[in-house]
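# Examining the three-dimensional arrangement
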Amino acid sequence: MTRAAIAGAVLVAALYLAARPLGPLPPLGPFLDPAHGVWTAAAHAAASRPGVVRGLRAPVGIVYDDRGVPHIFARSAADAYRALGYVVARDRLFQLELQTRATAGRLTELVGPAALEADREQRAYALAWAAERTVARAGARSRAVQAAEAYADGVNAWIATLRAAGLPLEYRLLDARPMRWEPVHTFYVLKRMGWTLARSDLELTRAAVARRLGPAAAERLFPVNSPIQEPIVPVEDDTTPDHQRARGGGRRRGAHPASLAAGWSGPMPPERIDPVELGSNNWAVAPERTARGHALLAGDPHLELTLPSVWYEVHLVVPGELDVYGATIPGLPGVVIGFNREVAWSFTNAETDALDYYVETVDDPERPGRYLLDGSWRPLRRRIEEYRGRRGELLATDTVYFTHRGPMRRHGSGWLSIRWTVLDSIPSEEALLEANRAGGVDEWLEATARLHAPAQNGLVADREGNIAIRSTGLVPIRPDSGPGLVVWDGSTGASDWIGYLPVERYPRSRNPAQGYLASANQQPVDPRVDATYLGADWPSPWRALRINALLRADSAVTVAAMRRYQTDPGSARADRFVPAFLAASTGEAARLLAQWDRRYTPADRRAILFELAMEELARRTWDELDLGGRGRAARLATPRDALLAALLDEPASEWWDVRATPSRRETRDDILRASLEAAYRTARARYGPPGSGRWAWGRIRTQRLTHLLRLPEFSIPSIPIPGGPGTLNPLVGAGGHGASWRMVVELGPEVRGWTIYPGGQSGNPASPRYADRVERWARGELEPALFPR
């Protein structure tokens, strides 16, 4: 559908809405008939029949544009959410069900016993239980609950139209029928995002490293503060009160001795520390630093890349109340990342430490009924979990135990309970709905102050030229205001959280003197300025360093530049390590590495040599953490690259020494030289001579998009892209994570947006809209977002 066509269809919808008085439950049937109504069904859409969305109070107009984006025009927010549920179910029904079952631990009912262990893990974390408690606490009058109910009406209205022949392909492959969508399933979505973004086993990792190498080594290898500082809050613009600054006695004390679990000796956790990190990017530029004099904002969250995508693009209009465009997550009413007529916003993960473990003393380790707290035995709450197969047969039964802190899990011969903000029942879903309506930066910040979990860095800009960033999400205050990097003694109340940090203390900046703001999951505040504990073991700030360098160098930023930055192949990580390798090395390997421009482009033939050298460097440096064998899987844990970078300034550090050669003490240059030479040998063995095309980065490391059921026929296994580890367009490991959505917004007299994501609006593998955006996404292109009034 062209711009002219969509304008005409919008006019028809507006006239229709204006002509019809409010009335009870009018059908959408003829209005949405793809042959006759203003729901102009493009050829990409699956066959659609008229349907009735229960509960409508007025007609709803839905127009699909030429990118497959539905523009929903309604007379009330509730009707807009009903229509949104309807169109999302139409395009993504199987995705809705699969993510719901994954959160609830009910995949076995769809795919059988193969999913039993995954279901058990989910139910042990009690995400569905937490969602149920959140709904109960919010109450029926909550705007979030009412929105979820309306959304469920729409989903179920679409399901009611389906016959066997019209079911999504996955249901037919599994010989299954869609389940009914319940309002509580909307609340599962943020719990699931918390599961994805806010889990942390750092305490367990540090405990395991401390047992092996000692507490001092654990603290050095997994420190509280990043060894490289490139904070979100500009140092010269920080507004932290003097009494909170580190130089004024900011507290960094450890936990109260009575609250520590002395001698905890639980099992070693699986490694979760990635030596090269993923994350998300966002940045905003003030009008005085842009070519057209309007604020600009860019955002690209980095998540698992699936087909269909985690995101669904939509435009919602309720005259006088709501006019918002952007990306929603299937299952959520409203837009998560996007823009309206006044503001634009995006998020990155804040990396806040929001989870603690407690060693619990129970009356019977095999069948616990009580736990010890402050000298008294308290009863454990129990939840019986039954796992059913595809035919309803009972596969297994578990009992999940709860202390006052949260769910309890077996670890070795003991029990650990979890306190986690994601499991708290404080409602926060309404914050996103309010943010959709914000009329400026300050209104948006006020709305998102109530976004409690998962913790995010919210970046916002408005048409008045304001830009701002602030962290959101509950920040626990631990005993003695210390860091949460220990496994706590659960037998004493002295271990419990004593409250949450007030929002006024969260990292934030508004209209900084430098004229831009950027976040990329890095430590938000330089600890020399503010020592308040927010988290630890921060992702290395390579992406933050790169985007800040690009923004500092450009005083007339354009929309095209913002788009170009999102796939910039330059690497601050390579800029730090390549000179060190070259200074320590000679010979053919050094000659080849010196030819590299430190840009990860698909045609480049030297990036792979650097990456193999980095793998060797980590393996040789962190040999103290080896469990035997080769590779990360045989390593207890892997410190961040930023720590390796800091270690380059300590050429005689004991960490460079190799344990396997006790008669010799290796130095930094010995390890750098040996790592590069070994990488060269590996590259030749795997890919042949360096002059061959087999060294091309786009041939060796690629991005992949995987179908939700991991079906190779419906997946795209190899997509060359510009980017690598630590770049703004990240490409690491097997390539299954990356930029899941890209957006650039110009906030001028008329707000304009450009968007893309890897996939398409349809979840139907047979649809031309299943993966129609992938090629343009891979090239770093953006598409204009149609934003009709």
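Residues numbered from 1 in each chain as written. Predicted model: local features only at pLDDT ≥ 70, side-chain atom pairs only at ≥ 80, totals over all residues. Heavy atoms only, no water.

### Thoughts on the overall build of the protein chain
Let me state the cut-off plainly: Counting from the N terminus, the helices are the DSSP runs of H or I reaching at least four residues and the strands are the DSSP runs of E reaching at least two. Accessibility here uses a 1.4 Å probe with only protein chains present; expressed as a share of the type maximum, an area under 20% marks a residue as buried, one over 50% as exposed, and anything in between as partly exposed. Here, two residues are considered to be in contact whenever any of their heavy atoms come within 4.5 Å of each other.
Across its full length, the protein chain carries 22 helices and 29 strands. Looking at the protein chain as a whole, 63% of its 789 residues qualify as buried. Restricting the contact set of the protein chain to residue pairs at least 6 apart, pairs at least 24 apart contribute 71%.

### Structural notes on the sheet that holds strand β25 (residues 716–719)
In plain terms, the rule: Pairing between strands is defined by DSSP: at least two bridges between them are needed.
Ordered by their spatial adjacency, three strands build an open sheet running β5-β24-β25, and the pairing between neighbours is mixed. Since the sheet does not close on itself, it has two edges, and those belong to β5 (306–307) and β25, each with one partner. Taken together, the two bridges between strand β24 (residues 703–707) and β25 define a ladder with antiparallel strand orientation. The partner of Q703 across the bridge, within β25, is I719.

### Digging into unusual backbone geometry
Along the chain, L307 connects to P308 via a cis peptide bond; the corresponding omega equals -5 degrees. Topologically, P308 is positioned in the loop between β5 and β6 (312–318). A cis amide bond, omega -5 degrees, links A453 with the succeeding residue P454. Turning to its location among the elements, P454 is positioned in the loop between α13 (441–448) and β17 (456–462). Of note in the backbone geometry, A126 takes a positive phi value of approximately 60 degrees without being a glycine. Tracing the sequence through the fold places A126 in the loop between α5 (116–125) and α6 (127–138). Positive phi, close to 55 degrees, is recorded for D374, a residue that is not glycine. Looking at the secondary structure, you find D374 in the loop between β11 (370–373) and β12 (376–379).

### Comments concerning the packing of helix α7 (residues 143–161) against helix α12 (residues 429–436)
Spelled out, the test is: In this analysis an axis means a line fitted to C-alpha atoms, helices contributing only their contacting stretch, and an angle means the value between N-to-C directions, from 0 to 180 degrees. Orientation categories follow fixed angle ranges, with anything under 35 degrees roughly parallel, anything over 145 roughly antiparallel, 65 to 115 roughly perpendicular, and all other angles oblique. All residues other than Ala, Val, Leu, Ile, Met, Phe, Trp, Tyr, Cys, Pro, Asp, Glu, Lys and Arg, Gly among them, are scored as polar; the first ten of these are nonpolar and the last four charged.
At a closest axis distance of 8 Å, the pairing of α7 and α12 adopts a crossing angle of 85 degrees. It follows that α7 is roughly perpendicular to α12 by the angle criterion. Across the interface between the two elements, R143, A144 and A147 from α7 touch E429, E430, L433 and E434 from α12. Of the residues belonging to the contact of α7 with α12, the class tally is three nonpolar, no polar and four charged.

### What to know about the pairing of strand β2 (residues 70–73)
In β2, alternate side chains face the same way, and those of P70 and I72 on one face and H71 and F73 on the other are all buried. For strand β1 (residues 61–64) and β2, the ladder comprises four bridges, and the chain directions are antiparallel. Within β2, the residue paired with V63 across the bridge is H71. Of the pairings in the sheet, the one linking β2 to β6 comprises three bridges and is parallel in character. Following the sheet pairing, I72 is matched in β6 by L316.

### Points about the packing of aromatic side chains
The criterion, for reference: The pairing test for Phe, Tyr and Trp rings, Trp by its six-membered ring, is centres within 6.5 Å, and the orientation test on the planes gives stacked under 30 degrees, edge-to-face over 60, and tilted for anything in between.
Across all of its chains, the model carries 20 aromatic pairs by this definition. A centroid spacing of 5.8 Å and a plane angle of 65 degrees characterise the contact between Y125 and W420, whose relative ring orientation is edge-to-face. Of this pair, Y125 sits in helix α5 while W420 sits in strand β16 (residues 414–420), and the two are 295 residues apart along the sequence. The class of Y125 is buried, set by a relative accessible area of 4%. Ring geometry for W596 and F610: centres 5.2 Å apart, planes at 35 degrees, overall tilted. Taken together, the positions of W596 in the loop between α17 (588–594) and α18 (607–621) and F610 in helix α18 put the pair 14 residues apart, joining distant regions of the chain. Since its relative accessible area comes to 5%, W596 is described here as buried. Residue F610 is classed as buried on the basis of its relative accessible area, which comes to 0%.

### Comments concerning the side chain of Q456
Turning to its location among the elements, Q456 is positioned in strand β17. Setting aside anything within four residues of it in sequence, one finds Q456 in contact with L197, F347, T348, N349, A350, R470, S471 and T472.

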